[in-house]
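# Topology and contacts: notes
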Amino acid sequence: MKSPEENRKLDLEKNIQTDFQKAMSYGDYLHLDKILSSQHRLSDHHDEMLFIIIHQTSELWMKLIIHEITEAIQYILQNNLEPSFKVLSRVSRIQQQLIQSWSVLSTLTPSEYLEFRNKLGQSSGFQSFQNRLIEFALGHKRAHTLTVYQHQTELYKNMHESLHKPSIYDAAIHALAARGIPVDEDVLKRDLSKEYEPNESVEEAWLTVYRNVDQYWDLYELAEKLVDIGHQQQLWRFNHMSTVERIIGHKQGTGGSSGVTYLKRVLDQHFFPELWSVRTKL
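A brief look at the structure comes next. (Residues numbered from 1 in each chain as written. Predicted model: local features only at pLDDT ≥ 70, side-chain atom pairs only at ≥ 80, totals over all residues. Heavy atoms only, no water.)

## Let's talk about empty space enclosed by the protein
- One pass over the full model with this rule turns up one cavity of 30 Å³ or more.
- Met 62, Ile 65, Gln 95, Leu 98, Asn 131, Ile 134, Gln 233 and Trp 236 are the residues that line the largest cavity.
- Secondary structure elements with two or more residues in the lining of the largest cavity: helix H4 (48-77), helix H5 (81-105), helix H7 (129-138) and helix H12 (217-248).
- Of the residues contributing to the lining of the largest cavity, the split by class is five nonpolar, three polar and no charged. (1 Å grid on protein atoms, 1.4 Å probe; cavity = no way out; pocket = protein on both sides within 12 Å on 5 of 7 lines; lining within 4 Å. Points joined across faces, edges and corners; volume = space filled by probe spheres on them. Helix = DSSP H or I, 4+ residues; strand = E, 2+ residues; numbered from the N terminus. Nonpolar A, V, L, I, M, F, W, Y, C, P; charged D, E, K, R; others polar.)

Here it is in structure tokens:
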């Protein structure tokens, strides 16, 4: 005989929806039929499924990062900093998911990867347009990287537009100026499609913020959110490099890059340079 508590639980189960002939189900909402049927191995090797899913899920997380950073940039450009903090905290958490994914991929051994690597042709993570868009949004802009996407007309057009939009660091620098903190005019009116170059007036502006935290608390909080994102991005790059080195050593990348050598060089490129140099000056 069931207890009253067990009977109560069973009664609750009677409300579960089971007929989806005319209703939207969980799978319908998420389009799981499309997502779960998009893993097409080019070899018979068991571990190729791991390789595909790691990269597909990474691209989904990157899509969300772009979605969130775009929103944060708009808040900052409107000089409405508070709402951007929640958004940027979320970006940092997403980055942690991406960082953790490399530890899963690192379970792939060199001999296992070689079983299907030749099936990849010239496709490479180097060609990830979403990774490029994230770099653009963080202020690392290199116009020559767009040549990889010339065969996709609409994508190339969208990326060219993104190249010319303000990065989150451009927005943050304008927020400094909006609060009356001096910033050189040539920085405020710079060509946004160019790689950002460190500027002494911007460093001095951040020094003012860090030396007067009570007066500029929101700008200080923004600076720390950016440092956190920049740090997480560097950790992602490092884990990427070390995972690649663990699996293929110093072989050339499938897309023609120098592989680990290229990835190590990228590690020297800091986002938000004055937010790092200011730490030495304080």
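Moving on from the model shown.
## What to know about the environment of His 140
- Locating His 140 in the fold gives a position in the loop between H7 and helix H8 (153-163).
- His 140 gets classed as buried once you look at its relative accessible area, which sits at 4%.
- Along the chain, His 140 and Ser 58 lie 82 residues apart, while their C-alpha atoms are 20 Å from each other. (Buried < 20%, exposed > 50% of the residue type's maximum accessible area, 1.4 Å probe, protein only.)

## Re a nonpolar patch on the surface
- A surface patch of nonpolar side chains, about 520 Å² in accessible area, is lined by Met 24, Tyr 26, Tyr 29 and Leu 30.
- Here Tyr 26 lies in helix H2 (residues 26-30).
- A relative accessible area of 64% places Tyr 26 in the exposed class. (Patch = residues over 30% accessible without salt bridge, like charges linked within 9 Å, V, L, I, M, F, W, Y side chains within 5 Å. Areas by Shrake-Rupley, 256 points an atom, 1.4 Å probe, with all protein chains shown as cover. Salt bridge = Lys/Arg side-chain N within 4 Å of Asp/Glu carboxyl O.)

## Some remarks on helix H9 (residues 168-178)
- A large share of H9 lies buried, amounting to eight of its 11 residues.
- Buried residues of H9: Ile 168, Tyr 169, Asp 170, Ala 171, Ala 172, Ile 173, Ala 175 and Leu 176, and no others.
- Sitting at the head of H9, Ser 167 places a side-chain oxygen 3.2 Å from the backbone nitrogen of Tyr 169.
- Count one or two residues on from H9 and you reach Gly 180, which has phi positive near 85°. (Polar contact = N/O pair within 3.5 Å; in protein donor to acceptor, adjacent residues only side chain to side chain.)

## Brief notes about the packing of H9 against helix H11 (residues 200-211)
- The geometry of H9 relative to H11 is characterised by a closest axis approach of 11 Å and an angle of 65° between their N-to-C directions. Taken together, the axes of H9 and H11 lie roughly perpendicular to each other. Helix-helix and strand crossings are classified by hand; for H9 and H11 the assignment is left-handed. Two secondary-structure elements touch here, H9 through Tyr 169, Ala 172, Ile 173 and Leu 176 and H11 through Val 202, Ala 205, Trp 206 and Val 209.
- Split by residue class, the contact of H9 with H11 holds eight nonpolar, no polar and no charged. (Axes fitted to C-alpha atoms, helices over the stretch in contact; angles between N-to-C directions. Parallel < 35°, antiparallel > 145°, perpendicular 65-115°, else oblique. Left-handed = near helix turned anticlockwise from the far one by under 90°. Contact = heavy atoms within 4.5 Å.)

## Quick look at the environment of Lys 225
- Within the element layout of this structure, Lys 225 appears in helix H12.
- Along the chain, Lys 225 and Trp 206 lie 19 residues apart, while their C-alpha atoms are 14 Å from each other.
- Of the polar contacts made by the side chain of Lys 225, one reaches the side chain of Ser 89; its length is 2.7 Å.

## A look at H11
- For H11, spanning 12 residues, the distance from its first C-alpha to its last is 16 Å, which sits close to the expected 16 Å at 1.5 Å a residue.
- Check the buried side of H11 and you find it contacts H9, helix H10 (185-188), H12 and helix H14 (273-281). (Expected span 1.5 Å × (residues − 1).)

## Let's talk about the layout of surface pockets
- In this structure, the largest pocket occupies an estimated 1300 Å³ of space.
- Elements represented by at least two residues in the lining of the largest pocket include exactly H4, H5, H7, H12 and helix H13 (260-266).
- Considering only residue class, the lining of the largest pocket consists of 21 nonpolar, 20 polar and six charged.
- Estimates place the volume of the second largest pocket at around 290 Å³.
- Among the elements that take part in the lining of the second largest pocket, H4 stands out by supplying five residues, more than any other.
- Taken together, the residues that form the lining of the second largest pocket break down as eight nonpolar, four polar and two charged.

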